[in-house]
Amino acid sequence: PPYVANEARYDKMPFRRCGKSGILLPQISLGLWHNFGHNADFKNARHILRQAFDYGITHFDLANNYGPPYGSAEENFGRIMEKDFRPYRDELIISTKAGWDMWPGPYGNLGSRKYLIASLDQSLKRMGLDYVDIFYHHRPDPETPLEETMGALDHIVRSGKALYVGISQYSAEDTLRASQLLKEMGTPLLIHQPRYSMFDRWVENGLLDVLGDEGIGSIAFSPLEQGVLTDKYLKGIPEDSRVAKDGRYLKKEQLSDEVIAKVKALNEIAKKRGQSLAQMAIAWLLKDERVTTVLVGVSKAEQLADNVKALDNIRFSKEELDAIESILRN
Ligand code: NDP
């Protein structure tokens, strides 16, 4: 039977304005980095996406190289778009990116105008879309002039292939420059996508201030530290976990005794709040209004159900914040 979206999908999900823009984003967004490639179970991927939209998650985040193999998350997303989401296209914010190695030779990587425009054309074909809502430069390129990269983003918006643009992993200084260049061109920077979690707080050291001052939104990636900030590794390494299944980005060695001790202590605070640790880790990021949305990944629909409940309580008492701080500082 054809997919019919849950009629109550907008009843519960809270939305936040993305910087000083016209776009509102759900406080939780879904990323397709893992679990959506040709190596993944297609039925499960489709089930997760349907469930996400039923919860009011209107934002799906992709990149040219998500898979594996590269491009395959976009291909699968395109199939699911066709099967399920075509009638809902105007209710969705779909993003993709280019910036990491994608095809051989000097034009398939980093930040040239050549690479960004060709890559977006490929992404649109794979996803079966006329345009994406947000196109990102995926990481800074120290060799290409920022004027060229931002000029490419501006051109992409003017050509109608993306409605808005973003940058990812840019430092506070480069973000300010990028924002100023784009403003001059008349294509304001919508959003920054930094890594941000209880265990990785570099954005608190200047970037969030730039975003707040410039009116740029933000979307925090790897908010659960790829699953470390959940209760899943407290009793060893489950067979169906990212560490066991796919050691490319999250390695066993990262689960040191010190890390697990912190996770245990945080888990106790979460329990006292009546939350899972995953929920508390998400809520903790949303306590700052400059964080527009938290970009989670999930391997199962149940994890998404767990994560969405974070939004029932994103308030922290001073005592809770202090207790968390003393664990993280340790
Ligand atoms: P998370 O930190 O949310 O980790 C996701 C993983 O954590 C899941 O795959 C699952 O792993 C586990 N998990 C999630 N929820 C739960 C839960 N409730 N209970 C137990 N385990 C849970 O994010 P990701 O690292 O996946 O990144 C999210 C998104 O951010 C990506 O999909 C991508 O869109 C974006 N991103 C952007 C980058 C950039 O450079 N701009 C870089 C990296 C990511 P398991 O497999 O063990 O079940």
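Each chain has its residues counted from 1, running along the sequence as written. With pLDDT at 70 or above as the cut-off, local features in this predicted model cover only qualifying residues; side-chain atom pairs require 80 or more to be listed or tallied, and sums for whole chains, interfaces and linings still use all residues. Side-chain descriptors were evaluated using all non-hydrogen atoms of the structure, hydrogens and water having been removed beforehand.

## Focus on the site of the ligand
Now for step 1: If even one non-hydrogen atom of a residue comes within 4 Å of a molecule or strand, that residue is called near it. In the neighbourhood of the ligand, 32 residues make up the surrounding shell, with D61, Q169, S222, R242 and S299 lying closest.
Now for step 2: Pairing of N or O atoms within 3.5 Å defines a polar contact, subject to two protein rules: one partner must be a possible hydrogen donor and the other a possible acceptor, and residues neighboring in sequence count only if both atoms are side-chain atoms. Within the side chain of S168, one N or O atom sits 2.8 Å away from a nitrogen atom of the ligand.
Now for step 3: Protein chains shield 96% of the accessible area of the ligand, which is 920 Å² for the free molecule.
Now for step 4: For the shell around the ligand, the secondary structure elements donating two or more residues are α8 (242–245), β10 (293–296) and α11 (301–308).
Now for step 5: Helix and strand definitions follow DSSP, with helices as H or I runs of at least four residues and strands as E runs of at least two, each counted in order from the N terminus. Examining the composition of the shell around the ligand, we find that three residues originate from one element, α11, more than from any other.
Now for step 6: Residues are grouped as follows: nonpolar covers Ala, Val, Leu, Ile, Met, Phe, Trp, Tyr, Cys and Pro; charged covers Asp, Glu, Lys and Arg; every other residue, Gly included, is treated as polar. Class assignment for the residues of the shell around the ligand results in eleven nonpolar, 15 polar and six charged. Areas reported as accessible are Shrake-Rupley estimates using a 1.4 Å probe. Residue values count occlusion only from the protein chains shown.

## So, the packing of helix α2 (residues 42–54) against α11
Now for step 1: Viewed as axis vectors pointing N to C, α2 and α11 meet at an angle of 25°, and their least axial separation amounts to 9 Å. In terms of their interaxial angle, α2 and α11 are classed as roughly parallel. As for the relative orientation of α2 and α11, their crossing is right-handed in sense. Facing α2, whose interface residues are H47, I48, Q51 and A52, α11 presents A301, L304 and A305.
Now for step 2: For the contact of α2 with α11, the residue count by class is five nonpolar, two polar and no charged. Each axis is a line fitted through C-alpha atoms, and for a helix only the stretch in contact is used; angles between axes span 0 to 180 degrees, taken between their N-to-C directions. Just so you know how the angles are binned, under 35 degrees is roughly parallel, over 145 roughly antiparallel, 65 to 115 roughly perpendicular, and the rest oblique. Here a crossing is called left-handed whenever its near helix is offset anticlockwise from the far helix by less than a right angle, and right-handed whenever the offset is clockwise. Pairs of residues are marked as contacts when any of their non-hydrogen atoms sit within 4.5 Å.

## Considerations on the pairing of strand β9 (residues 217–221)
Within a regular strand, side chains alternate between the sheet's two faces.
Now for step 1: Counting buried positions along β9 gives five out of five residues, so the element sits mostly inside the fold.
Now for step 2: Side chains G217, I219 and F221 project from β9 onto one buried face, and the interleaved S218 and A220 project onto a second face that is buried too.
Now for step 3: Two strands pair when backbone bridges link them, and strand β8 (residues 189–193) and β9 are joined in this way by two bridges, in the parallel orientation. Counterpart to H192 in the pairing with β9 is S218.
Now for step 4: Viewed along the sheet, the connection from β8 through helix α7 (residues 207–214) into β9 turns out right-handed.
Now for step 5: When DSSP finds two or more bridges between a pair of strands, those strands are recorded as paired. Pairing of β9 with β10 involves three bridges; the strand directions are parallel. Bridge pairing in β10 places I219 opposite T293. Using a 1.4 Å probe on the protein chains alone, a residue whose accessible area is under 20% of its type maximum counts as buried, one over 50% counts as exposed, and one in between counts as partly exposed. Here is how to tell: hold the view so the strands point away, follow the path from the first strand over the helix to the second, and if it runs clockwise the crossover is right-handed.

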